[in-house]
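Structure assessment
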Amino acid sequence: TRVRSSAASDVYKRQGSGVDMDNEARVAQSAAVAKVAAKQLKPSPDVGQLTDSISATVPANTTLMNIACQAPTANRAAAYANAVAAAYLSTRHDDAVKSLSGQLAALRSKVASILPGVIKANGQVSPPTKGTTPNATAITHQLESKAATNELNGLLSRVDSLTPELASLQAQNS
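Report follows, based on the coordinates.

What counts, and where the lines are drawn
- Residues numbered from 1 in each chain as written.
- Predicted model: local features only at pLDDT ≥ 70, side-chain atom pairs only at ≥ 80, totals over all residues.
- Heavy atoms only, no water.
- Axes fitted to C-alpha atoms, helices over the stretch in contact; angles between N-to-C directions.
- Helix = DSSP H or I, 4+ residues; strand = E, 2+ residues; numbered from the N terminus.
- Parallel < 35°, antiparallel > 145°, perpendicular 65-115°, else oblique.
- Left-handed = near helix turned anticlockwise from the far one by under 90°.
- Contact = heavy atoms within 4.5 Å.
- Nonpolar A, V, L, I, M, F, W, Y, C, P; charged D, E, K, R; others polar.
- Pairing = 2+ DSSP bridges.
- Core = buried A, V, L, I, M, F, W, Y, C linked by side-chain atoms within 4.5 Å.
- Buried < 20%, exposed > 50% of the residue type's maximum accessible area, 1.4 Å probe, protein only.
- Salt bridge = Lys/Arg side-chain N within 4 Å of Asp/Glu carboxyl O.

**Section: the packing of helix α2 (residues 31-40) against helix α4 (residues 74-123)**
- Look at α2 against α4: their axes get within 8 Å of each other, and the N-to-C directions meet at 125 degrees. With respect to α4, the element α2 is oriented oblique. Every pair of crossing elements has a handedness; the one defined by α2 and α4 is right-handed. Of the residues in α4, those in contact with V33, V36, A37 and Q40 of α2 are A83, V84, A86, A87, Y88 and T91.
- Residues of the contact of α2 with α4, tallied by class, amount to eight nonpolar, two polar and no charged.

**Considering the pairing of strand β3 (residues 64-71)**
- Looking at chain direction, strand β2 (residues 54-57) and β3 are connected through four bridges and run antiparallel. If you follow T57 over to β3, its bridge partner there is N66.
- Linking two consecutive strands that pair antiparallel, namely β2 and β3, is a turn of six residues; a positive phi of about 60 degrees is found at N61 within it.

**A word on the nonpolar core**
- Residues L50, M65, I67 and V84 are the most contacted members of the largest nonpolar core, which totals 24 residues.
- Listing elements by their share of this core, those giving two or more residues are α1 (21-28), α2, β2, β3 and α4.
- Broken down by element, this core gets its largest block of residues, eight residues, from α4.
- Counting 15 residues, the second-largest nonpolar core is a separate cluster that includes L107, I114, L162 and L166.

**Some words on unusual backbone geometry**
- Residue K42 is joined to P43 through a cis peptide bond whose omega torsion reads -5 degrees.
- Along the chain, P43 turns up in the loop between α2 and α3 (47-53).
- Positive phi, normally seen in glycine, also occurs at N61, with a value near 60 degrees.
- Here N61 shows up in the loop between β2 and β3.
- Residue N61 is classed as exposed on the basis of its relative accessible area, which comes to 84%.

**Here's the deal with the pattern of salt bridges**
- Overall, the coordinates contain three salt bridges when judged by the stated rule.
- Where E24 meets R92, a salt bridge forms, and the shortest distance between an N and an O atom there is 2.8 Å. Of this pair, E24 sits in helix α1 while R92 sits in helix α4, and the two are 68 residues apart along the sequence.
- Taking relative accessible area as the criterion, E24 reaches 6% and is therefore assigned buried.
- The partly exposed category is assigned to R92, whose relative accessible area is 25%.
- Between D95 and R92 there is a salt bridge, and its shortest N-O distance comes to 2.9 Å.

Here's what the structure looks like:
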């Protein structure tokens, strides 16, 4: 007898970004997720058979996913579904950590590459003396300094916003 059991999971959703839940359902049914789930189960099922037994559905207009698995018994089906749900969340969590880590590394690299130029541009700006009008070169230096500083501030702001988000994700794994 084949029994179907379901486990519903909230999906990690980053602020400000939409989640394609149909794609998330495909991820939950993937061999990569089944491989992680199989390691959690004792006895460990064949990954191919576990992959074939997974069904992930998404109720309309929600960020919830129902994960169901077929197995010879209700208890085994429930264990499979729960393991797949946990493996899916773990996989998506790890993906989010990798993505944020990569974004932060790229931003920090960009900061390091433009910082010398910002310092140089700011060093070329000298305050006008009283009663004189700045010449074209001085105005150009001021504009370059301001543009470079604005770019740097934008990058640092992004680093500042992603750093606690990454720390929060990493703390969830502990």
